[in-house]
Amino acid sequence: MKILVIEDEDELRNVIVSSLEKENFLVESAADYTTALDKVTGYQYDCILLDIMLPGGSGLSVLDALKKMRKQENVIIISAKNSVDDKVHGLNLGADDYLAKPFHLSELTARVKSVIRRKSMDGQNIIELNNVKINVDDRLLYINHEPVSLNRKEFDILTYFIANKNRLINKAALAEHIWGDHIDQADDFEFIYSQIKNLRKKLKDTGAQLEIQAVYGVGYKLIAH
Amino acid sequence: MKLLNYTLSYLSIALLVVVGVWAVIFYVNMLDEIYDSIDDGLENSKILIIRKVESDTTLIHKTEFMESNYAIHEITDQHALHVRDIYMDSTLYMQNEKDYEPVRMLKTVFRASNGKYYELQIVSSMVEEDDLIEDLFYAIVWLYIVLLASVLIINNVLLRKVWKPFYTILDKLKNFRLGSNENFSAVKTNVSEFNILNDTVSALLQRNIAIFNSQKQFIENASHELQTPLAISINKLELLTEKNSLSDDQLQEISTVIESLERLTRLNKTLLLLSRIENRQFPQQTSVNFNELALRLASAFGDLSEFKSVKISVTQPGTCIYSLNAELAEILLSNLIKNAILHNYPDGSVMVTIHATGISVSNTSHTGSLDPSHIFDRFYKNSAAKNSTGLGLAIVKSIIDYYGYTIRYSYTNGQHTFLIQF
């Protein structure tokens, strides 16, 4: 899987590249408009992370160029502007997703995997890990080919964990992903624990070869045995 | 007092003085002219009577005025030498008026053909001064009233027309709001003062709009510029926490730094949101059903409230649908509900009531009454909740103000209540 990161801030670009490389993606990067345009014209990528404000031109023009070349790349806009208008505008121009800075790396990983999955699995949006199989579109979980029922939040948590397997997930990142923006000031995110506890129990009871570990004070980590 | 009536009030005093002074001068001049004219008549009568007496000596014995206007008395030679023509005011009994009326009298002396000296008194009826003054007074009063009335009418018709551009400018200024994206357009007029006023006000407002826009841009840009370093810091620390070489203590230290940075991010986002609300950057409106919204939010906050052992109940005596920005409606209600959950105690409750024209959010609390004059201030914190930005209610207030709704806070029976009236 090849990913292009278009971001002019060196440090941010580096940290995104390192994070994606941990997921065994092949990552290339571009720091300005011209380089970005050269790369998207010359090569094929599975996913493009696109910053809007670039030296030399707007990221939206890159999006336009992609559209004109009839390329089917997945594009995720990463922008410092978090406004609904911008989001709608970007999505109308053909972007697949929109992520406002600052974001959590685990969120980025989940989004990248999600857009890639949507287009690559022949329309079958399925994640498999050990003996666990998730049909994302139909929201179904199979462990050892046996269906397991999860509530909406447990399902979202599991999907998020699997997208970030073996990586430490910050509890704020998890809370934001599952409970949305409303919860962003809720004290300490301790309330997410009960959902995790239920999910953990279900995974254990059904013999899933996965384990959710708590890292005290920081967050959680999903280990695939 | 309106400008038109204000000038009229001064004008009425000025007119009173002018008309009064004019009346006095007019009266004096007129009286003078009347005396002059009567005295000329008396002089003429004198010549005619003396000639008549010369031809008809019996007239010498006419000592009473009776039906004519003269009387003749014999006087001594001695006395006659000292007498000159005297015009004087006197009174005479008038038969028709049955009263003494003022008359003008000429006293003169002549020598008849018999060689004796006689005093001749000729009278002529005079204007009655008190009547004249009275007539004049009423005339003046009427003149004054008519003058004022005409001034009032002219003011209201003509001046109103003349001042119309001025009132248009006033009206535009009154309705002008910084940040409404509406430009101040000048009013066309032929009056140079109004044109100067127009140009000055326009220039002033343009400058203000420019400053306001640049400040607005500055706040937005500053917030956006902060996002990138925050993103770098948080993401780098996140990568660092994934290094297996770190001890648990180190991990927790890093985690607290991440938490602080996240708090900074929230603060930054919230300030940006506040500035965007105040800059009226939420023009899109849709019909928002607050009943549905309240139920959805109550379920979204289900996990949090369960964790805090707080019961959320939504009662719906009415259906509340208003047209506003959907994002803001959600922020408005979720901020109130979230506050109600967080500033509560275990086994407490949150009551959301949706009326047709208002929404109330109440919660049980141990804190006692909050200061109603400050709760909506930015960064006002009553509790030491470490994750609170102190901006939640400020945002609620700015959304309420944005749409011109009202919000009231009250504390009764250990319950905080926020009541929104649409």
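Just so we're clear, the structure is a prediction, and the values are computed from it rather than from any experiment.

Colleague: Is there a simple way to explain the overall build of chain B in this structure?
Modeller: A count of helices and strands for chain B gives ten helices and eleven strands. Against the globule reference of 22 Å for 422 residues, chain B gives a C-alpha radius of gyration of 49 Å, more extended than a compact globule. The dimensions of chain B, computed from C-alpha atoms along their principal axes, are 160 × 50 × 40 Å. Counting all 422 residues of chain B, 40% fall into the buried class. Considering only contacts within chain B whose residues lie at least 6 apart along the sequence, 66% involve residues at least 24 apart. Distance from the positive charge centre (36 side chains) to the negative charge centre (47 side chains) of chain B: 12 Å.

Colleague: Sorry, what's going on with the domain arrangement of chain A here?
Modeller: Put simply, an interface is often sized by how much accessible area is lost when its parts join up. Residues and elements named next belong to chain A. The domain boundaries assigned to chain A delineate domain 1 (2-120) and domain 2 (126-224). Here domain 1 and domain 2 have C-alpha centroids that lie 26 Å from each other. Across the contact, eleven residues belong to domain 1 and 14 residues belong to domain 2. When domain 1 packs against domain 2, close to 1,000 Å² is buried across both sides, 45% of that on carbon and sulfur atoms. Summed over the three residues of domain 1 that lose the most area to domain 2, namely His104, Ser106 and Arg117, the buried surface amounts to 50% of that side. The interface formed by domain 1 and domain 2 includes one salt bridge. Across the pair Arg167 and Glu23 runs a salt bridge, and its minimum N-O distance is 3.0 Å. Our count for the contact surface shared by domain 1 and domain 2 stands at eight residue pairs in polar contact (both at pLDDT 80 or more).

Colleague: What exactly am I supposed to notice about the domain arrangement of chain B here?
Modeller: All names here are of chain B. Along its sequence, chain B is carved into domain 1 (3-149), domain 2 (194-278) and domain 3 (286-421). Computed from C-alpha coordinates alone, the two centres of domain 2 and domain 3 are separated by 26 Å. Taken together, the ten residues of domain 2 in the interface contact 15 residues of domain 3. In terms of surface lost to domain 3, no three residues of domain 2 exceed Arg263, Leu274 and Ile277, which account for 47% of the buried area on that side. Joining domain 2 to domain 3, the criterion identifies one salt bridge. As a salt-bridge pair, Arg378 and Glu278 come within 2.6 Å of each other at their nearest N and O atoms. Put simply, domain 2 and domain 3 have one residue pair in polar contact (both at pLDDT 80 or more) between them. Among the residues forming the side of domain 2 that touches domain 3, the class breakdown is five nonpolar, one polar and four charged.

Colleague: Honestly, helix H7 (residues 171-179) of chain A in this entry has me stumped. Any pointers?
Modeller: Because an α-helix completes one turn every 3.6 residues, residues spaced three or four positions apart along the sequence face the same direction. Residues and elements named next belong to chain A. By the criterion of burial, H7 is predominantly enclosed, with seven of the nine residues buried. In this structure Asn170 caps H7, since a side-chain oxygen of it lies 2.8 Å from the backbone nitrogen of Ala172. At the exit of H7 stands Gly180, carrying a positive phi of roughly 80 degrees.

Colleague: What exactly am I supposed to notice about the interface of chain A and chain B here?
Modeller: Counting from both sides, the interface comprises 40 residues of chain A and, opposite them, 42 residues of chain B. Summed over both partners, the interface of chain A with chain B buries about 3,800 Å², with 54% contributed by carbon and sulfur atoms. Between Glu242 of chain B and Lys22 of chain A there is a salt bridge, with its nearest N and O atoms 3.1 Å apart. Counting the contacts that link chain A with chain B gives ten residue pairs in polar contact (both at pLDDT 80 or more). Among the secondary structure elements, those contributing two or more residues to the side of chain A that touches chain B are helix H1 (10-22), strand S12 (168-170) and H7 of chain A. Among the residues making up the side of chain A that touches chain B, the classes are represented as 17 nonpolar, ten polar and 13 charged.

Colleague: What am I meant to see in the sheet that holds strand S3 (residues 99-111) of chain B here?
Modeller: Sheets are built from strands that pair by backbone hydrogen bonding, the pairs being arranged parallel or antiparallel. Residue and element names in this part refer to chain B. Strand order across the open sheet formed by four strands is S1-S4-S3-S2, with antiparallel pairing between neighbours. Bordering the open sheet on either side are strand S1 (70-75) and strand S2 (86-94), each of which pairs with just one other strand. Each strand of the sheet is rotated relative to its neighbour by a mean of 35 degrees, with strand direction disregarded. Across nine bridges, the pairing between S3 and strand S4 (residues 117-125) is antiparallel. Of the residues in S4, the one forming a bridge with Arg111 is Tyr117.

Colleague: Hey, could you run me through empty space enclosed by the protein in this one?
Modeller: Left-over empty space is what a probe sized like a water molecule reveals as it rolls over the atoms. All chains considered together, the criterion is met by two cavities of 30 Å³ or more. Taken as a whole, the largest cavity spans an internal volume of roughly 130 Å³. Lining the largest cavity are eleven residues; nearest its centre among them are Glu176 of chain A together with Glu262, Thr265, Arg266 and Lys269 of chain B. Per-element accounting of the lining of the largest cavity gives the leading share, four residues, to helix H6 (residues 248-278) of chain B. Across the lining of the largest cavity, the residue classes break down as three nonpolar, two polar and six charged. Contributing to the lining of the second largest cavity are Leu105, Ser106, Leu168, Ile169, Asn170 and Val218 of chain A together with Glu238, Thr241, Glu242 and Ile258 of chain B. With three residues, S12 of chain A is the largest single contributor of residues to the lining of the second largest cavity. Among the residues making up the lining of the second largest cavity, the classes are represented as five nonpolar, three polar and two charged.

Colleague: Where do I start with the packing of helix H5 (residues 192-241) of chain B against H6 of chain B in this structure?
Modeller: Each pair of packed helices gets described by two things: the angle between the helix axes and the distance between those axes. Residue and element names in this part refer to chain B. Running from N to C, H5 and H6 point in directions that differ by 160 degrees, and their axes come no closer than 10 Å. Considering their axes alone, H5 and H6 lie roughly antiparallel with respect to each other. Crossing of H5 over H6 shows left-handed handedness. Tallied by class, the residues present in the contact of H5 with H6 amount to 13 nonpolar, eight polar and four charged.

Colleague: Would you mind showing me how to read the packing of H6 of chain B against helix H10 (residues 392-403) of chain B here?
Modeller: All names here are of chain B. Relative to each other, H6 and H10 sit at 15 degrees, their axes nearing to 9 Å. With respect to H10, the element H6 is oriented roughly parallel. Relative to H10, the crossing made by H6 is left-handed. Listed contacts from H10 to Thr270, Leu273, Leu274, Ile277 and Glu278 of H6 are Ala394, Ile395, Ser398, Ile399 and Tyr402.

Colleague: Looking at this structure, I do not really get the pattern of salt bridges. What am I missing?
Modeller: Pairing between side chains becomes possible if they bear opposite charge and their charged atoms approach one another. Applying the stated criterion to the full structure yields 24 salt bridges over all chains. Between Glu7 of chain A and Lys101 of chain A there is a salt bridge, with the nearest N and O atoms lying 3.0 Å from each other. Of this pair, Glu7 of chain A sits in the loop between strand S1 (2-6) and H1 while Lys101 of chain A sits in the loop between strand S7 (97-100) and helix H5 (105-120); the two residues are 94 residues apart in sequence, bridging distant segments of the chain. With respect to burial, Glu7 of chain A and Lys101 of chain A carry one shared label: buried. Taken together, the salt bridges that share partners define one network made up of Lys22, Glu23, Lys113 and Arg167 of chain A together with Glu242 of chain B.

Colleague: It is not clear to me how the nonpolar core should be interpreted in this structure. Could you clarify?
Modeller: For soluble globular proteins, the rule of thumb is that nonpolar side chains tend to be buried together. Ile134, Leu158, Phe161, Ile162 and Leu174 of chain A together with Phe290 and Leu333 of chain B are the most contacted members of the largest nonpolar core, which has 84 residues in total. Tallying contributions element by element places helix H9 (residues 326-342) of chain B first for this core, with ten residues.

Colleague: Explain a negative patch on the surface to me, please; I cannot follow it from the model alone.
Modeller: All names here are of chain B. Side chains of Glu97, Asp99, Glu129, Asp130, Asp131, Glu134 and Asp135 sit close together on the surface and give a patch of like negative charge. The element that contributes the greatest number of residues to the negative patch is helix H3 (residues 129-162), accounting for five residues. By the element assignment, Glu129 lies in helix H3.

Criteria and cut-off values
Residues numbered from 1 in each chain as written. Chains lettered and ligands numbered in written order. Predicted model: local features only at pLDDT ≥ 70, side-chain atom pairs only at ≥ 80, totals over all residues. Heavy atoms only, no water. Helix = DSSP H or I, 4+ residues; strand = E, 2+ residues; numbered from the N terminus. Rg over C-alpha atoms; globule rule 2.2 N^0.38 Å. Buried < 20%, exposed > 50% of the residue type's maximum accessible area, 1.4 Å probe, protein only. Contact = heavy atoms within 4.5 Å. Lys, Arg positive; Asp, Glu negative; His and termini not counted. Charge placed at Lys NZ, Arg CZ, Asp CG, Glu CD. Domains from an automatic or database assignment. Buried area = accessible area lost by both parts, 1.4 Å probe. Salt bridge = Lys/Arg side-chain N within 4 Å of Asp/Glu carboxyl O. Polar contact = N/O pair within 3.5 Å; in protein donor to acceptor, adjacent residues only side chain to side chain. Nonpolar A, V, L, I, M, F, W, Y, C, P; charged D, E, K, R; others polar. Pairing = 2+ DSSP bridges. Axes fitted to C-alpha atoms, helices over the stretch in contact; angles between N-to-C directions. 1 Å grid on protein atoms, 1.4 Å probe; cavity = no way out; pocket = protein on both sides within 12 Å on 5 of 7 lines; lining within 4 Å. Points joined across faces, edges and corners; volume = space filled by probe spheres on them. Parallel < 35°, antiparallel > 145°, perpendicular 65-115°, else oblique. Left-handed = near helix turned anticlockwise from the far one by under 90°. Core = buried A, V, L, I, M, F, W, Y, C linked by side-chain atoms within 4.5 Å. Patch = residues over 30% accessible without salt bridge, like charges linked within 9 Å, V, L, I, M, F, W, Y side chains within 5 Å. Areas by Shrake-Rupley, 256 points an atom, 1.4 Å probe, with all protein chains shown as cover.

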